[in-house]
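Listed here are the chains, written in short residue letters.
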Amino acid sequence: MEFKKMVTTLGQFIIERQADYPYSKGELSRLLRDIGIAAKIVNREVNKAGLADILGEAGETNIQGESVKKLDTFANDQFISALSTGGECCAIASEENEEFIPIDNLVSQNAKYVVCMDPLDGSSNIDVNVSIGTIFSIYRRKSKAVGPGTIEDFLQKGTEQVAAGYIIYGSSTMLVYTTGKGVNGFTLDPSIGEFCLSHPDMKAPNMGEIYSINQGNFVHFPPGVKEYIKYCQDLDKDTNRPYTLRYIGSLVADFHRNLIKGGIYIYPPTYKSPNGKLRLLYECNPLAFIAEQAGSKATDGFRRILEIEPTDIHQRVPLFIGSTEMVEKAEDYMAKQPELQS
Ligand code: AHM
Ligand code: MG
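Note that this is a predicted model, so its numbers are computed, not measured. (Residues numbered from 1 in each chain as written. Chains lettered and ligands numbered in written order. Predicted model: local features only at pLDDT ≥ 70, side-chain atom pairs only at ≥ 80, totals over all residues. Heavy atoms only, no water.)

A. The arrangement of the site of ligand 1 in detail. Surveying the vicinity of ligand 1 reveals 15 residues, the closest of which are D121, Y247, L251, Y265 and Y267. For ligand 1, an oxygen atom lies 2.9 Å from a polar atom in the side chain of E95. Here an oxygen atom of ligand 1 and a side-chain polar atom of Y247 are 2.5 Å apart. Burial of ligand 1 by the surrounding chains reaches 79%, relative to a free accessible area of 470 Å². Those elements that place two or more of their residues in the shell around ligand 1 are β3 (113-121) and β11 (264-267). The residue makeup of the shell around ligand 1, split by class, is five nonpolar, five polar and five charged. Looking at the shell around ligand 1, you find at least three residues from each of domain 1 (10-199) and domain 2 (210-335). (Near = heavy atom within 4 Å. Polar contact = N/O pair within 3.5 Å; in protein donor to acceptor, adjacent residues only side chain to side chain. Areas by Shrake-Rupley, 256 points an atom, 1.4 Å probe, with all protein chains shown as cover. Helix = DSSP H or I, 4+ residues; strand = E, 2+ residues; numbered from the N terminus. Nonpolar A, V, L, I, M, F, W, Y, C, P; charged D, E, K, R; others polar. Domains from an automatic or database assignment.)

B. Spatial organisation of the nonpolar core. Judged by nonpolar contacts, the single largest core of 44 residues is most densely connected at F154, Y166, F255, L287, I305, L319 and I321. Formed jointly, this core draws a minimum of three residues from each of two domains, domain 1 (10-199) and domain 2 (210-335). Judged by nonpolar contacts, the second largest core, of 38 residues, contains V46, L71, A82 and Y169. (Core = buried A, V, L, I, M, F, W, Y, C linked by side-chain atoms within 4.5 Å. Buried < 20%, exposed > 50% of the residue type's maximum accessible area, 1.4 Å probe, protein only.)

C. Inspection of the coordination of the magnesium ion (ligand 2) at higher detail. Looking at the magnesium ion (ligand 2), one finds its protein donor set to be E95 (OE), D118 (OD), D121 (OD) and E283 (OE), positioned 1.9 to 2.7 Å from the metal centre. In the primary structure, the donors to the magnesium ion (ligand 2) are separated according to the pattern E-x22-D-x2-D-x161-E. Linking D118 in strand β3 with E283 in helix α8 (residues 280-293), this pair joins segments that are 165 residues apart in sequence. Both residues of the pair, D118 and E283, count as buried. (Donors = N, O, S within 2.8 Å, 3.2 Å for Na, K, Ca; no water.)

See the structure below:
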């Protein structure tokens, strides 16, 4: 009898990959597995978002007598709960929490890792059934090896990340992550409730034909960004311009599309917000790590994102991310008119 090869689940893949790290005792694997489980629970709630009117509005009590949480609060609580009870994480910094959360319990006494996360990014898209995402980033602690993590564990450059990933709640739900040895993508098969390896060793095209930026803010952009946008819109057969503009307004979804098809995403500095909108720790560093591992590039228009020294957990930074040649072209325009260089 002939047996067909079964799918590789996220759990199996994580275990197989542990052999890549001979000195690892499996803690990172367990941490990634915990994130995968929390993602499935959040996905279940995201899928029900359209039923909010029937099941109860946020802040109300639903028909089962349970209080209904806003989806971003639910996602935040779910990931915090999974990470703080899993035993591998000694502190969490979340975009949703003003202060980082030190984890002070018995199971986490010897935990080696801290996690930064944006539990539900693009949340303005929830009510209109457009893709949203979760972004996470994992660092090895720098503080003494016992007890809860401290601020110095979070103020590490992106180059120090040991793993990073995102979950996209889209037409299908995917988890994409890297531990610094390439990027792999898993699609959730709802019939078996497992993330299955669907996009092994993802590589981003060097060049693309999509640019993603909130062009409605054009008047607020510095000259370098305006000039680059004009370049994208110019007619030139040799470089397939004008490019296509695609902007979902969910960073994870825009990033994911550009990773697969080739393209550039920009959240630029503006005169009102010279550091842009996106957060270094929760959004830019993890996606920059994934981008580089897939062969693309991430800068703030001038500097490599992963080399920026964080001074605050909620620090913002401009983001130019995507196909290497496109990011380099945008950097050329920024260098010519370096206004708003931070
Ligand atoms: P959020 O973390 O509050 O959801 O904000 C981040 C989101 C990104 O997903 C998206 O790319 C960007 O904000 C859109 O911002 P804008 O509406 O200013 O273009
Ligand atoms: Mg966000």
